[in-house]
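Here is how the chains run, residue by residue.
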Amino acid sequence: MRWLDEPYHRLRPRLGREVTLSELVDAALARIESREPKVRAFLAVTGDQARTQARAWSARLAAGEPAPPLLGMTMALKDNLCTRGIPTTCGSRMLARFVPPYDATVTARLAEAGAILVGKTNLDEFAMGSSTENSAFGPSHNPWDQAYAPGGSSGGSAVAVAAREAMAALGSDTGGSVRLPAALCGAVGLKPTYGRVSRYGLVAFASSLDQVGPITRDVTDCALVLNVIAGRDELDSTSAEASVPDFTRALAGGVAGLRIGLPAEFFGPGLDAAVKSSVLAAVRSLEAAGARVQDVSLPAVEYALPTYCLIACAEVSSNLARYDGVAYGHRAAGAKDLYTLCARTREEGFGAEAKRRIMLGTFALSAGHYEGFYRKAQQVRTLLRGDFERAFAEVDVIAGPVAPTPGFRLGEKTADPLQMYLIDTYTIPANLAGLPAISVPCGFAAGLPIGLQLIARAFDEATLLRAAFAVEQAVPPLPEPPL
Ligand code: GLN
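Residues numbered from 1 in each chain as written. Predicted model: local features only at pLDDT ≥ 70, side-chain atom pairs only at ≥ 80, totals over all residues. Heavy atoms only, no water.

A. View of helix H10 (residues 338-349). Taking 1.5 Å per residue as the helical rise, H10 with its 12 residues ought to reach 16 Å, and the 16 Å between its terminal C-alpha atoms agrees with that figure. For H10, the complete set of buried residues consists of Leu341, Thr345, Arg346 and Gly349. The buried residues of H10 occupy an angular sector of 115° when the element is viewed end-on, so they sit on one face. (Helix = DSSP H or I, 4+ residues; strand = E, 2+ residues; numbered from the N terminus. Expected span 1.5 Å × (residues − 1). Buried < 20%, exposed > 50% of the residue type's maximum accessible area, 1.4 Å probe, protein only. Arc of directions from axis to C-beta.)

B. Quick look at the state of the cysteines. Applying the stated rule across the entire model yields zero disulfides. Note on cysteine 442: no disulfide assigned, nearest cysteine sulfur contributed by cysteine 185 at a separation of 15 Å. The exposure class assigned to cysteine 442 is buried, which follows from its relative accessible area of 9%. (Disulfide = S-S within 2.5 Å.)

C. Region of interest: the sheet that holds strand E5 (residues 188-191). In space, the 11 strands of this open sheet follow the order E1-E3-E2-E4-E6-E5-E10-E11-E9-E7-E8, with mixed pairing throughout. A strand with exactly one partner marks an edge of an open sheet, and here the two such strands are strand E1 (42-45) and strand E8 (292-296). Across the sheet, the mean angle from the axis of one strand to that of its neighbour is 30°, orientation sign disregarded. As judged from the eight bridges shared by strand E10 (residues 437-445) and strand E11 (residues 448-456), these two strands associate in the antiparallel manner. Paired with alanine 437 across the bridge in E11 is isoleucine 455. The strands touched by helix H2 (residues 21-39) within the sheet are E1, strand E2 (74-78) and strand E3 (116-121), with E1 carrying the most contacts at an inclination of about 140°. (Pairing = 2+ DSSP bridges. Axes fitted to C-alpha atoms, helices over the stretch in contact; angles between N-to-C directions. Contact = heavy atoms within 4.5 Å.)

D. Seen up close, the environment of proline 429. By secondary structure assignment, the location of proline 429 is in helix H14 (residues 428-433). Separated by 124 residues in sequence, proline 429 and leucine 305 have C-alpha atoms that sit 8.1 Å apart. Non-local contacts of proline 429, meaning those with residues more than four positions away in its chain, are made with Phe266, Val301, Ala304, Leu384 and Phe388.

E. Just unusual backbone geometry, in detail. A cis amide bond, omega 5°, links glycine 152 with the succeeding residue serine 153. Note that serine 153 resides in the loop between E3 and helix H5 (155-162). Although it is not a glycine, cysteine 90 adopts a positive phi angle of roughly 55°. You can see cysteine 90 is positioned in the loop between E2 and helix H4 (105-112). At alanine 446, a position not held by glycine, the phi torsion is positive, near 50°. Residue position: alanine 446 is located in the loop between E10 and E11.

F. Broad picture of the pattern of salt bridges. Within this structure, the stated rule accounts for 18 salt bridges. Between arginine 31 and aspartate 5 there is a salt bridge whose closest N-O contact spans 3.3 Å. Here arginine 31, found in helix H2, pairs with aspartate 5, found in the segment before helix H1 (8-11); they are 26 residues apart in sequence, far enough to count as distant. Overall, arginine 31 belongs to the buried group, its relative accessible area being 10%. In this structure, glutamate 461 engages arginine 196 in a salt bridge whose closest nitrogen and oxygen atoms are separated by 3.1 Å. Here the residue glutamate 461 occupies a position in helix H15 (residues 461-474), and arginine 196 occupies one in the loop between E5 and strand E6 (211-216), the gap between them amounting to 265 residues. (Salt bridge = Lys/Arg side-chain N within 4 Å of Asp/Glu carboxyl O.)

Laid out in structure tokens, this is it:
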């Protein structure tokens, strides 16, 4: 149905007049059924709940309730966001049968805002990965070419949006997991400022880095979703008090006078030529719209990837200690004592990447190595924050690529974890510095989308979205994916 091919904000004024909520949900479910065999975005489709929600909203509106801001937005949630009564697997055997007794705050806020959950999406196990190939339940496929990876770890969420199975989705971004799959699938993906969005009910990966963010068809829909999920939550002590503006109001302001910084470190030898020229063309289009472009320098970016690996793995070693076969999740059968129960549960429940990171992180935190690894990494993180502070004294937005290449085939990088980690080179700095960053489609190479990354000052998502909107206006829109 053609409604599903429109961004939500264009459909919204016609909702209830030209199409009912129930018709829309039925169409979305039919679309999912027809496309899933090709793309495998979902781990679970919540058809019954979606139909019930649609009917419930229709009744509430008929009774005179005002229409909420995301009424009828069909929504997919990454399967590390808790959904009450609906399995939340984290793409892991460990949680294959885990059914949360509560909703994540973002889940609840979206439901209150009228969004309709259509399913839970595939991810790399516990969000560790860049391709969805670390999922215990098999990979998702890029809608532009099914032999290609969708990126990760929120690959299923990006695929669901790009394949037009859902109007919007949420992912989580610890080192690029919202921005990378959005870029490789041709969607908009935003990692908000650390603390902007509640993480209550997000299954923890690396707690000093994790943020929840929207993946949408365009920048306007991104702003609409951020409006609903942003803001202080008493249930998450790391969520910030910062006031939440209406992010849609900033969009059309234009970029006249906006200062854009290009860090040399984002355009070095590892960058594919097609990505580079497409990213620079997008920056030139901002210049043509009145922005001023200048060079900036982020020298510590060179060390961002090893720094991230140490910090993220150390936090994984701590956060994943809870999966011991006792309270919830997988429990190995027949163990005679506590040690065996824990060891066997973890051996059986975790995949190779989770085990690799737990071991690396435990080593980095151990007595005798802590100073040289973990502490050192925290010091480099401080240097990187300083680099960004100096850059943002001169510019309002930093621009660069999201990923070093337009995309890669499924299986191409699975044998070499280092190659897989290198994909995150440009996305990780914003996580380490806690800054908001967005991926917006800026071009197309050999049939695959390319993403431009923009990074802004902490809590300045409004400027970020305004610049991304200007890019969206300037570059030709992507065609429909060939599905
Ligand atoms: N690809 C990165 C990793 O493997 C980032 C993952 C993420 O952001 N969740 O850790």
